[in-house]
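Structural features, examined
Now for the letters of each chain:
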Amino acid sequence: MIAPTDAGTDRSPGPEVGRARLVPSSLRDLAVCSGLWSLFCWVYWFNGLVSSSQLAPPLFGNLANVMFAAQMLIAVLWLVLKPKGDLAFLDKALTIGMVVCTASTSLLAFSAEAPAAWAAGNLVLSGACAGVGYMRWAAFYSSLGIRDAAKYLFTAYLVSAIVKTALDIAPDVFGDILAVALPIVSYLSLRKSSTVVSPVGHTDPSHEPVYRKGNYLVLGRVALVVFTFCVARRILAPVAEASTTTGLAGLVATHFIEGGLAGCAIFWVFVSKRSLDFLQLWKLVFIVVTTALTVACLVPNVDWPVALFEVSTTLIWMTVWLLTCDVAQHSDLHPFVAFALFFNLMYMGGNYIGSLICAVAGIETLTPATGLVLVWLLGITMISINSQSHDIARIFEDLHPHVELDAFSSVDARCNELGAEAGLSARELEVFKLIAKGRSRAFIAEELFLSENTVRGHTSHLYAKLGVHSRDELQRLVCK
């Protein structure tokens, strides 16, 4: 089983190491390593059956609360005790527990008067198993290069949209049978992944994690933006929960949009070979959330706010999950700790604060005034994301397209030619060549014995002289 190494050691790859290794490309490998979809779908099935049957005990609320508690407990244990390993020894027990919970949940749904203790115990066991399962997958993705993690994560969301549709349109019996198989698929995928993908680590012992003790707060602005959006999403939730008009067609349309977005991300990054940064993804989240808020306020009795709410949830989950993988890869924190503290405190923390606001303010539906305030607040947070900020620009930096040297062996000659035409200085030309080869800013700084701020300054100057505005445009210019 893949075992991410301990915090502070050579767990996460430097950008260049991750690109240098052979990335599995067969459909079989892709199917195995994107098995996270099975866990997504199991949680979706469980939530749907429990909410429709009103089986959630008031003490725990829902599955997400139990998952959050389990993950935070694991994070605390890893912070305090710093154990070695990755909980792989629990995989079989987790799978058996989820299968048992599947059968138990199905029986609860058909029971006229289910005992409260039974429902509570079932929810606690289900949430604990699912929470640990998510942590196991997060650790696996965090042990890979970010391009691999993105490829498998986007594929998982695409497949989950298809399977969720099958769960919605199929008879209940088929859904229950499929739900029993989902934990087994997750277990087998996670086990098999160790035979097709190996985690990559630092080959240079002098490499320092980007996020380490003493500078974790550099992610504060990103965390605040995500947190604010999660609060707004939760305030929008009562509109979706109060709607009783959304039928099967609405659910299928929602899954279609979710799968389409994941498919577009795959096409954009891996087929068109274009960059995908945090600001690009979050602009899409902003558009979806603010559109949902606007429609909910202006036309309250239609289904679109419900669909947009579900799509915004998927978008936020997908973006924050990938963001957490990126942070864990470049951090001295163990992936369990990074996932629990970064993902959960942003997403679940925003969810809890949003719920508190709804309870205190008595929000059951959105008024135009409330919607306007939320849209204004989200707009302010978007403005706070400065694309020129190093901390923002570094996120998903390894997703930028990479020019393979064997495919463009004359990259230096081409850069010399373009550099002479543009009047680049000797230092700017050196930076130009390294960017053209797909090197990260941190790598360039280390290679040329410069600070990252100096590299950023040289990059801005050579962009202006070459008439380009991004790494993508620069690499396309070199490849012409």
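Residues numbered from 1 in each chain as written. Predicted model: local features only at pLDDT ≥ 70, side-chain atom pairs only at ≥ 80, totals over all residues. Heavy atoms only, no water.

On to the overall build of the protein. Secondary structure summary: the protein contains 20 helices and zero strands in total. Counting only residues that meet the buried cut, the protein has 54% of its 480 residues in that class. Partitioning the contacts of the protein with sequence separation of at least 6, the portion at a separation of at least 24 is 84%. Summing over all exposed atoms, the protein offers an accessible surface of approximately 21,100 Å²; the carbon and sulfur share of this is 66%. (Helix = DSSP H or I, 4+ residues; strand = E, 2+ residues; numbered from the N terminus. Buried < 20%, exposed > 50% of the residue type's maximum accessible area, 1.4 Å probe, protein only. Contact = heavy atoms within 4.5 Å. Areas by Shrake-Rupley, 256 points an atom, 1.4 Å probe, with all protein chains shown as cover.)

A few words now on the packing of aromatic side chains. Under the counting rule described, the total for this entry stands at 23 aromatic pairs. Arranged with centres 4.9 Å apart and planes meeting at 70°, the rings of Trp-321 and Phe-339 form a pair that is edge-to-face. With Trp-321 in helix α12 (residues 304-329) and Phe-339 in helix α13 (residues 335-361), the pair connects residues that are 18 residues apart, well separated along the chain. Pair check on accessibility: Trp-321 and Phe-339 agree, each one buried. Here the aromatic residues Phe-40, Tyr-134, Tyr-157, Trp-317, Trp-321, Phe-339, Phe-343 and Tyr-347 are joined through ring pairs into a cluster of three or more. (Phe/Tyr/Trp six-rings, centres within 6.5 Å; stacked < 30°, edge-to-face > 60°.)

A word on the nonpolar core. A general tendency of soluble globular proteins is for nonpolar side chains to be buried together. Core analysis: the largest hydrophobic core is formed by 117 residues, its most contacted members being Leu-36, Tyr-141, Trp-282, Trp-321 and Leu-323. No other element matches the 14 residues that α12 contributes to this core. Judged by nonpolar contacts, the second largest core, of 21 residues, contains Leu-429, Ala-445, Leu-462 and Tyr-463. (Core = buried A, V, L, I, M, F, W, Y, C linked by side-chain atoms within 4.5 Å.)

Below, the discussion takes up α13. Taking 1.5 Å as the rise per residue, α13 with 27 residues should run 39 Å; its terminal C-alpha atoms sit 37 Å apart, in good agreement. At Asn-344, α13 shows its maximal bend, which comes to roughly 40°. Backbone geometry just after α13 places Gly-362 at a positive phi near 65°. (Expected span 1.5 Å × (residues − 1). Bend = angle between axes of the 7 residues up to and from the residue.)

This part takes up the side chain of Gln-71. Locating Gln-71 in the fold gives a position in helix α4 (residues 63-80). A relative accessible area of 3% means that Gln-71 is categorised as buried. Only 2.7 Å separates the side chain of Gln-71 from the side chain of Asn-344, close enough to count as a polar contact. (Polar contact = N/O pair within 3.5 Å; in protein donor to acceptor, adjacent residues only side chain to side chain.)

With that out of the way, let us pick up the pattern of salt bridges. Applying the stated criterion to the full structure yields four salt bridges. One salt bridge connects Glu-428 with Lys-465, and the closest N-O pair in it is separated by 2.9 Å. Here Lys-465 lies in helix α19 (residues 452-466) and Glu-428 lies in helix α17 (residues 426-436), a separation of 37 residues in the sequence. Among the residues examined, Glu-428 registers a relative accessible area of 5% and is labelled buried. The class of Lys-465 is partly exposed, set by a relative accessible area of 39%. (Salt bridge = Lys/Arg side-chain N within 4 Å of Asp/Glu carboxyl O.)

Time to look at the packing of helix α5 (residues 91-110) against helix α6 (residues 116-142). α6 packs onto α5 with a crossing angle of 140° between their chain directions and a minimal axis gap of 9 Å. Pair α5 / α6 crosses with left-handed handedness. Along the contact surface, α5 presents Asp-91, Leu-94, Gly-97, Met-98, Cys-101, Ser-104, Thr-105, Leu-107 and Leu-108, while α6 presents Trp-118, Ala-119, Asn-122, Leu-125, Ser-126, Cys-129, Val-132, Gly-133 and Arg-136. Here the contact of α5 with α6 is composed, by residue class, of ten nonpolar, six polar and two charged. (Axes fitted to C-alpha atoms, helices over the stretch in contact; angles between N-to-C directions. Left-handed = near helix turned anticlockwise from the far one by under 90°. Nonpolar A, V, L, I, M, F, W, Y, C, P; charged D, E, K, R; others polar.)

On the surface, Leu-73, Val-76, Leu-77, Leu-79, Val-80, Leu-81, Leu-341 and Leu-345 cluster together into a nonpolar patch covering about 710 Å² of accessible area. Those elements that place two or more of their residues in the nonpolar patch are α4 and α13. Looking at which element gives the most residues to the nonpolar patch, the answer is α4, with five residues. Here Leu-341 is to be found in helix α13. (Patch = residues over 30% accessible without salt bridge, like charges linked within 9 Å, V, L, I, M, F, W, Y side chains within 5 Å.)

Moving on: unusual backbone geometry. Notably, Lys-82 is not glycine yet its phi reads approximately 50°, a positive angle. In this structure, Lys-82 sits in the loop between α4 and α5. The exposed category is assigned to Lys-82, whose relative accessible area is 59%. If you check the backbone angles, Phe-449 has positive phi at about 60° while not being a glycine. Relative to the helices and strands, Phe-449 resides in the loop between α18 (441-448) and α19.

Low-confidence regions, as indicated by low pLDDT, have predicted coordinates that should not be scrutinised in detail. When pLDDT is averaged along the protein, the result is 79, and 82% of the positions lie at 70 or above. Within the model, pLDDT remains below 50 along residues 1-24, and this stretch shows 85 contacts once partners closer than five positions in the same chain are excluded. Residue range residues 200-207 is modelled with pLDDT below 50. Its contacts to residues more than four positions away, or to other chains, number 21 contacts. (pLDDT = per-residue confidence, 0-100.)

As for its placement among the helices and strands, Pro-335 is situated in helix α13. Classification of Pro-335 by relative accessible area gives buried; the value is 2%.

So, about α6. Given a rise of 1.5 Å per residue, 27 residues ought to cover 39 Å, and the 38 Å separating the end C-alpha atoms of α6 matches this to within 8%. Burial analysis of α6 places 20 of its 27 residues in the buried class, the great majority of the element.

Sequence spacing of Lys-82 and His-334 is 252 residues, and the spatial spacing of their C-alpha atoms is 8.8 Å. Of note is the side chain of Lys-82, whose polar atom sits 3.5 Å from the backbone oxygen of Leu-79.

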